[in-house]
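# Coordinate inspection notes
What follows is each chain in one-letter form.
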Amino acid sequence: MSKTKRTKKAAGSDNIESMLREDRVFKPSKEFSKQAHIGSMAQYKKLYKRSIDDPEGFWGEQAEKELTWFKPWSKVLQWKAPNAKWFVGGQTNVSVNCLDRFLDSEKANQAAIIWEGEPAAPGIPGEERTLTYRQLHREVCQFANVLKARGIKKGDVVLIYMPMVPEAAVAMLACTRIGAIHSVVFGGFSAQSVADRIQDSQAKMVLTSDGGFRRGGVVPLKENVDNALKIKVKGRFITKSIESVIVLRRTKNKVTMKKGRDFWWHEEQAKASAECKPAKLNSEHPLFILYTSGSTGKPKGILHTTAGYLLGAKLTSKYVFDLKDNDVYWCTADIGWITGHSYVVYGPLANGATTLMYEGAPNWPGPDRFWDLVEKHRVSILYTAPTAIRAFMKWGEEWPRKHDLSSLRLLGTVGEPINPEAWMWYHRVIGGSRCPIVDTWWQTETGGIMISPLPGVTPTKPGTATLPFFGVKPEVVDDNGKAVPKNSGGKLVVRQPWPSMLRGIWGDPKRFVETYWSEVKGNYFTGDGCRQDKDGYFWIVGRIDDVLNVSGHRIGTAEVESALVSHPQVAEAAVVGRPDEIKGQALVAFVTLKGSNKGNKKLLEELRQHVGKEIGPVAKPDNVRFADALPKTRSGKIMRRLLKQIAAGNVEVQGDTSTLEDANVIAQLSKDAS
Ligand code: WTA
């Protein structure tokens, strides 16, 4: 950053910086604490201590109280790092815990899912649907019968590639009813990504839709599936495990239906009985696979299992969101991500709550879409991502100001560190300075929230996820796995197993051990950097591996690089993150071209599109920079640290460059940057 720029920023942010001092603390109001499930620090501390000192006692009690079982477990935990078995010998079913459990009470007629579709244009309301617990149960049972009729059995993998519609939740729950394993793929991923996930998981069926609406356009999901099913490698279809595709009709678009393979959802559903006995599943029966990016290679299929995951999702939803019967709870995540799994579907439904599902973008048809929905449905709990909050800030206060947001009582954030400015804005403008904010730290791998304030208890400070949830023992450690002193930076690890922890990487036990259990032996390594302050609060710094967090989405640099080098003109590629005001991080690709090819605007756009095609629009680089060579160490490793500085616009590269193979490379790149 140039000197003048820095001076200007400092002057402008004097005020805000003093407002955001680390010791600025927001205490929960007495009214909130009084009505909260957990209302005092003493109560939290006592329960927390118990959960750490006697995890089996604590979790055994919770599992008994919170879940419905066909058969009780004989042992709460069997732990031989890195393999955990929770509630050994027990049998349960997730759909029973999310649906049947409430059918004998008045909850049966309470809204389970309130759904809003995206409006076609300003002034035209979106589609709207409400499903009570009874109605959702019926749909789920029917669809479970559809799955069975089309040959899906316990243990089979079903790939779900659908828009944010109630049927997506129906599909997930129907899988759980019969013990099929779902693998949800975010609608923003490409045909190639769908094919890769089918190949890796050996899925037998795809559930999709003729399209999903996004910002006034249609995402061609079925067409992507068709393309995925055509992909051949060395003359062989990589998706040959797929036997059938079930397609939800959602748009008026024409799609091709392949005879004998493709079936319409509504036609199948109409034929199916509404009675379906739930499968009695072992606690450790695989529940779902969810692919997530790592620092190397292709995305890995994170495996979660039945009872432990459900208990984690249920308990965290109950205590972190302080869920009550009359809440209207809205988590804005897509079901393609873990947040959608745990906090749109499983957590809220297991608590018998009302969960709002929304299909579209936050700024369609106008920048006040979210606030319109909050007002319309009297949303009381809102859970969203810092990247969305930063976008709202940019669009201006006038949009939320147009709406009555007084129904809100609690706000949450997830996905990336929240900058204090965004926290303060969320607190003041959306929360009317009255709602507690829960900044929740967790991961696809952890299944549920790990570090978060409890809203009736924990004094919050903007920018920290504060303290661990019950049963979670995080620690900030050095390279030898030794705890570092307070206020020093280090790696975040978790010392003890917890029920909703991942059970493995689908089909790759070796990678599971290497990625998560080798950094500090016997401990779970999160991949995040962290610092604990004097009060013991955890301040997550962000990823310390080669995973970027773009708008709260995890993107592995290695994956984008291999997409780039698969383009015929690209010789080498290195992808790094640069700070971005809205997205948190933006993707910058440095590319060298083959032969005498020269970079230009057209090729830049072509490469972005190419990545979009290989991985999906979410992974398109924000910028592509052409270079004659990439800076490397003498041993041939790309010096990402330097590229990051160049990408961030720090032209005078800081740090040690003495191991550079060719100092001219960096001079050239820096010159290009200026
Ligand atoms: C980051 C999303 C800071 C972190 C649930 C983690 C956060 C990665 C927070 C997991 C938070 C998530 N504060 N950083 N409150 N929440 N992260 O698997 O780097 O998509 O490792 O799970 O997001 O992303 P994932």
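Data block above holds the structure.
Residues numbered from 1 in each chain as written. Predicted model: local features only at pLDDT ≥ 70, side-chain atom pairs only at ≥ 80, totals over all residues. Heavy atoms only, no water.

## Comments concerning the packing of aromatic side chains
Two descriptors summarise a pair of aromatic rings, namely the distance from one centre to the other and the angle between the planes of the rings. Per the counting criterion, the structure on display carries 37 aromatic pairs. Note on tryptophan 330 and tyrosine 358: the rings are 6.2 Å apart at their centroids and 85° apart in plane angle, and the pair reads as edge-to-face. With tryptophan 330 in strand 19 (residues 328-331) and tyrosine 358 in strand 20 (residues 354-358), the pair connects residues that are 28 residues apart, well separated along the chain. Taking the centre distance of 5.4 Å and the plane angle of 75° together, the rings of tryptophan 498 and tyrosine 524 count as edge-to-face. Separated by 26 residues along the polypeptide, tryptophan 498 in the loop between strand 25 (489-494) and strand 26 (504-505) and tyrosine 524 in strand 27 (residues 524-532) bring together distant segments of the chain. The class for tryptophan 498 is buried, based on a relative accessible area of 2%. Geometry around phenylalanine 263 places arginine 150 over its ring, the cationic atom sitting 3.6 Å from the centre. The ring of phenylalanine 70 carries the charged tip of lysine 280 above its face, separated from the ring centre by 5.6 Å. (Phe/Tyr/Trp six-rings, centres within 6.5 Å; stacked < 30°, edge-to-face > 60°. Helix = DSSP H or I, 4+ residues; strand = E, 2+ residues; numbered from the N terminus. Buried < 20%, exposed > 50% of the residue type's maximum accessible area, 1.4 Å probe, protein only. Lys NZ or Arg CZ within 6 Å of the ring centre and 35° of its normal.)

## Thoughts on the packing of helix 19 (residues 557-565) against helix 20 (residues 601-614)
The angle between the axes and the distance between the axes are what describe a pair of packed helices. Orientation of helix 19 relative to helix 20, taken along the N-to-C sense of each, is 115°, at an axis distance of 9 Å. In this structure, helix 19 meets helix 20 at a crossing whose hand is right-handed. Residues Val560, Ala563 and Leu564 of helix 19 pack against Leu607, His610, Val611 and Glu614 of helix 20. Here the contact of helix 19 with helix 20 is built from residues that sort into five nonpolar, one polar and one charged. (Axes fitted to C-alpha atoms, helices over the stretch in contact; angles between N-to-C directions. Left-handed = near helix turned anticlockwise from the far one by under 90°. Contact = heavy atoms within 4.5 Å. Nonpolar A, V, L, I, M, F, W, Y, C, P; charged D, E, K, R; others polar.)

## Details of the site of the ligand
Around the ligand, 17 residues are found, and the nearest of them are Asp439, Thr440, Thr444, Asp528 and Arg554. Interatomic distance of 2.7 Å between a side-chain N/O atom of aspartate 439 and a nitrogen atom of the ligand. Coverage of the ligand by the protein amounts to 96% of the 530 Å² it exposes when considered alone. Secondary structure elements with two or more residues in the shell around the ligand: helix 13 (338-350), strand 23 (437-440) and strand 28 (538-543). (Near = heavy atom within 4 Å. Polar contact = N/O pair within 3.5 Å; in protein donor to acceptor, adjacent residues only side chain to side chain. Areas by Shrake-Rupley, 256 points an atom, 1.4 Å probe, with all protein chains shown as cover.)

## Some details on the sheet that holds strand 27
Within the open sheet, the four strands sit side by side as 24-25-27-28. Their pairing is antiparallel. Edge positions in the sheet fall to strand 24 (474-477) and strand 28, since each has one partner strand and no second. Across the sheet, the mean angle separating the axes of adjacent strands is 45° when strand polarity is ignored. Sheet topology note: the strand 27/strand 28 ladder contains five bridges and is antiparallel. Across the sheet, residue cysteine 530 finds its bridge partner in strand 28, namely isoleucine 540. (Pairing = 2+ DSSP bridges.)

## Section: the packing of helix 5 (residues 55-66) against helix 12 (residues 306-320)
Between helix 5 and helix 12, the shortest axis-to-axis distance is 11 Å and the interhelical angle comes to 85°. Between helix 5 and helix 12, the angle is such that the two are roughly perpendicular. The segment helix 5 lies against helix 12, with Phe58, Trp59, Gln62, Ala63, Lys65 and Glu66 engaging Leu311, Lys314, Leu315, Lys318 and Tyr319. Here the residues of the contact of helix 5 with helix 12 sort into six nonpolar, one polar and four charged. (Parallel < 35°, antiparallel > 145°, perpendicular 65-115°, else oblique.)

## As for the nonpolar core
If you look at the biggest cluster of nonpolar residues, it comprises 118 residues, and the most contacted ones within it are Phe87, Leu136, Leu207, Phe321 and Tyr346. Considering every element that reaches this core, the biggest residue donor is helix 8 (residues 166-178), with nine residues. Residue contacts for leucine 136: discarding those within four places in its chain leaves Leu99, Ala112, Ile113, Leu131, Val170, Leu173 and Leu349. If you look at the next biggest cluster of nonpolar residues, it comprises 46 residues, including Val245, Leu564, Ala589 and Leu593. (Core = buried A, V, L, I, M, F, W, Y, C linked by side-chain atoms within 4.5 Å.)

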